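Survey of secondary and tertiary structure
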Amino acid sequence: MFSSIKAKIIIFYLIIISLSLFALGLFLYLSLEKIIYDSIDSSLLSRAKALATLISEDGREFKFSDELMWEYSSQKSGYFFQIRKLDGTTVEKSASLKNLELPFQKGEEQISFKTIYLNKKPVRVVNFPISNLVIQCAENIDGRVELLEDYRRILSLSILALMVISTFGGFLIAKKALTPVKKISESIGRISESNLSERVDEKNIPSELKGLASSFNQTFDSLERAFNRQKQFVSDASHELRTPLSVILSHSEITLRRERSTEEYKNALIAIKDAAKIMLNMIERLLMLARLSSDRAELKFEEINLYSILKDVVKLLNPLAEQKDIKISIHGYEQLTTFGDRASLLELFTNVVDNAIKYNIQQGKVDIYIKENQDYALIEVKDTGVGMPEEDLDKVFDRFYRIDKARSGGIKGAGLGLSICKEIVRLHGGKMEIKSRIGEGTTVSIYLERGKNVVQG
Ligand SMILES: Nc1ncnc2c1ncn2[C@@H]1O[C@H](COP(=O)(O)OP(=O)(O)OP(=O)(O)O)[C@@H](O)[C@H]1O
Ligand SMILES: [Mg+2]
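Rules and cut-offs
Residues numbered from 1 in each chain as written. Chains lettered and ligands numbered in written order. Predicted model: local features only at pLDDT ≥ 70, side-chain atom pairs only at ≥ 80, totals over all residues. Heavy atoms only, no water. Salt bridge = Lys/Arg side-chain N within 4 Å of Asp/Glu carboxyl O. Helix = DSSP H or I, 4+ residues; strand = E, 2+ residues; numbered from the N terminus. Buried < 20%, exposed > 50% of the residue type's maximum accessible area, 1.4 Å probe, protein only. Near = heavy atom within 4 Å. Polar contact = N/O pair within 3.5 Å; in protein donor to acceptor, adjacent residues only side chain to side chain. Areas by Shrake-Rupley, 256 points an atom, 1.4 Å probe, with all protein chains shown as cover. Nonpolar A, V, L, I, M, F, W, Y, C, P; charged D, E, K, R; others polar. Core = buried A, V, L, I, M, F, W, Y, C linked by side-chain atoms within 4.5 Å. Domains from an automatic or database assignment. Contact = heavy atoms within 4.5 Å. Phe/Tyr/Trp six-rings, centres within 6.5 Å; stacked < 30°, edge-to-face > 60°.

Taken as a whole and assessed by the stated rule, the structure comprises 22 salt bridges. Measuring nitrogen to oxygen at the nearest pair gives 2.7 Å for the salt bridge that ties Glu71 to Arg47. Within this pair, whereas Glu71 is found in helix α2 (residues 66-71), its partner Arg47 is found in helix α1 (residues 5-53), the two being separated by 24 residues in sequence. By relative accessible area, Arg47 is classed as buried at 18%. The salt bridge involving Asp312 is made with Arg342; its shortest N-O contact spans 3.8 Å. Here Arg342 lies in helix α7 (residues 342-358) and Asp312 lies in helix α6 (residues 306-323), a separation of 30 residues in the sequence. Using a relative accessible area of 36% as the deciding quantity, one classes Asp312 as partly exposed. Taking the relative accessible area as the measure of exposure, Arg342 reaches 32% and is therefore partly exposed. The structure contains a network of salt bridges with shared partners spanning Arg84, Lys93 and Glu101.

Around ligand 1, the structure places 19 residues, and the nearest of them are Arg285, Asn355, Arg402, Leu416 and Leu418. Here an oxygen atom of ligand 1 sits 3.2 Å away from a polar atom, N or O, in the side chain of Lys358. Contact distances for ligand 1 include 3.4 Å between a nitrogen atom and a side-chain N or O atom of Thr442. When the free accessible area of ligand 1 is taken as 590 Å², the share hidden by the protein chains comes to 97%. Where the shell around ligand 1 is concerned, the elements lending two or more residues are α7 and α8 (417-427). When grouped by side-chain class, the residues that make up the shell around ligand 1 number 8 nonpolar, 6 polar and 5 charged.

Moving on, we come to the nonpolar core. Within the largest apolar cluster, 56 residues are counted, with the highest numbers of intra-cluster contacts made by Phe349, Ile368, Met432 and Ile446. When residues of this core are assigned to their parent elements, the largest contribution, 8 residues, is made by α6. Residues from two domains meet in this core; each of domain 2 (207-292) and domain 3 (300-449) gives at least three. The residues contacting Phe349, other than those within four sequence positions of it, are Leu306, Ile309, Leu310, Val313, Ile379, Ile446 and Leu448. Of all hydrophobic cores here, the second largest spans 23 residues; its members include Tyr29, Tyr37, Leu44 and Val126.

Tallying each qualifying case throughout the model produces 7 aromatic pairs. Taking the centre distance of 6.0 Å and the plane angle of 40 degrees together, the rings of Phe301 and Phe339 count as tilted. Taken together, the residues Phe301 in strand β6 (residues 301-305) and Phe339 in strand β8 (residues 337-341) connect sequence positions 38 residues apart. Using a relative accessible area of 22% as the deciding quantity, one classes Phe301 as partly exposed. Plain terms: the ring middles of Tyr376 and Tyr447 are 5.5 Å apart, the flat faces sit at 75 degrees to each other, and that makes the pair edge-to-face. Separated by 71 residues along the polypeptide, Tyr376 in strand β10 (residues 376-383) and Tyr447 in strand β12 (residues 441-449) bring together distant segments of the chain. Judged by relative accessible area, which is 25%, Tyr376 ranks as partly exposed. Residue class for Tyr447 comes out buried when judged on its relative accessible area of 14%. By the ring-pair criterion, three or more aromatic residues cluster together here, those being Phe62, Phe64, Tyr72 and Phe81.

Below, the structure written as structure tokens:
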């Protein structure tokens, strides 16, 4: 129960309210008590002083009138007096005292007040010393003590009632304050795999919770995007794998329909082998993409010479370039290094140079420039190929995207190369740009972190 925010708010609220009400009640009660006792004491003191004026200077004669004695005659009147010597012996006392005595201690030579009980009734007494006597004046304060008790009872009941009302109020406040949180959690509860577009309504939420609601919404936005990308990817991958699979299936079915010559079997097997190769290549690249999309944990970063890695790429792809009589050249700083993972960078440059050859014209050119600027090492791969339309420049980084399948009809590819490049560049903290014009060629610029081996000038 105590882990609930509502219970905590109510308890906290109750403690504060109880303490304040208790303090207020105590203050009110003590104030009234003081007012009442002050008024009793001052009236008793006046009475004692009045008696003192009627006593002769030597303290032997009392000029008390009948009227005065009548005032102190019975217990009902509620007034008493007793006059003592300093040693405590009684000199005179009122008839109202009968055989009772007002308590006295020797040596009480200062004005003092106390409450005592006479016949079980509360009585207030003042001791008023004059030269060689002490005048004790008393008054029955039964009525006022009762009044104070009633007042205490009413105060306690009111405080109790206020506490009950406050607890209920605290409960309502806590409930109202937590309603938006409940709403948010209900909205989140409604979000499921089949209902990823559900969002927390940010409009009717108090400003303190807007941040929470908007972070939830942002998280779910990116989750939904990731989920949709994943769905799209699975559907694209299945679609792309279906083509080579149907090639394999149709070749085997047609060939098996009747007896064939060795030549025909051989041709069918070659077609099947080519389709299987395409599938294998595609699956390998998909696995690579999946690995790269996760994190950089698998990458081994080291200082890498850009010229030497690009030379390896050119060596690897030269046979392909020669088929189209394409000349590849590398220009620029031979010493410039970057900080990266060798295998991934090899894959990156191979894909870019492969495209520059694949989408180039016969006897075209591929020029690779190694440059540096203030912040980056820059590699530009420039070709004299068919180029790309402006509107496709963003999309070529999407998985399986190939521009105008009819145009690249003869050229094999899965549309995965540039999406792999994008992931590799992302993992290296770099960026990649493509500039292209139809019929004029394409320039791919790759910006990577500069290694320690910086070329000056
Ligand atoms: N240098 C280029 N010149 C012209 N078009 C290009 C160039 N590079 C890429 N493209 C276009 O962008 C598309 C996507 O390229 P990407 O490298 O991702 O896939 P691919 O080359 O078709 O297949 P893969 O690289 O997976 O074998 C290509 O199909 C092509 O249409
Ligand atoms: Mg490619």
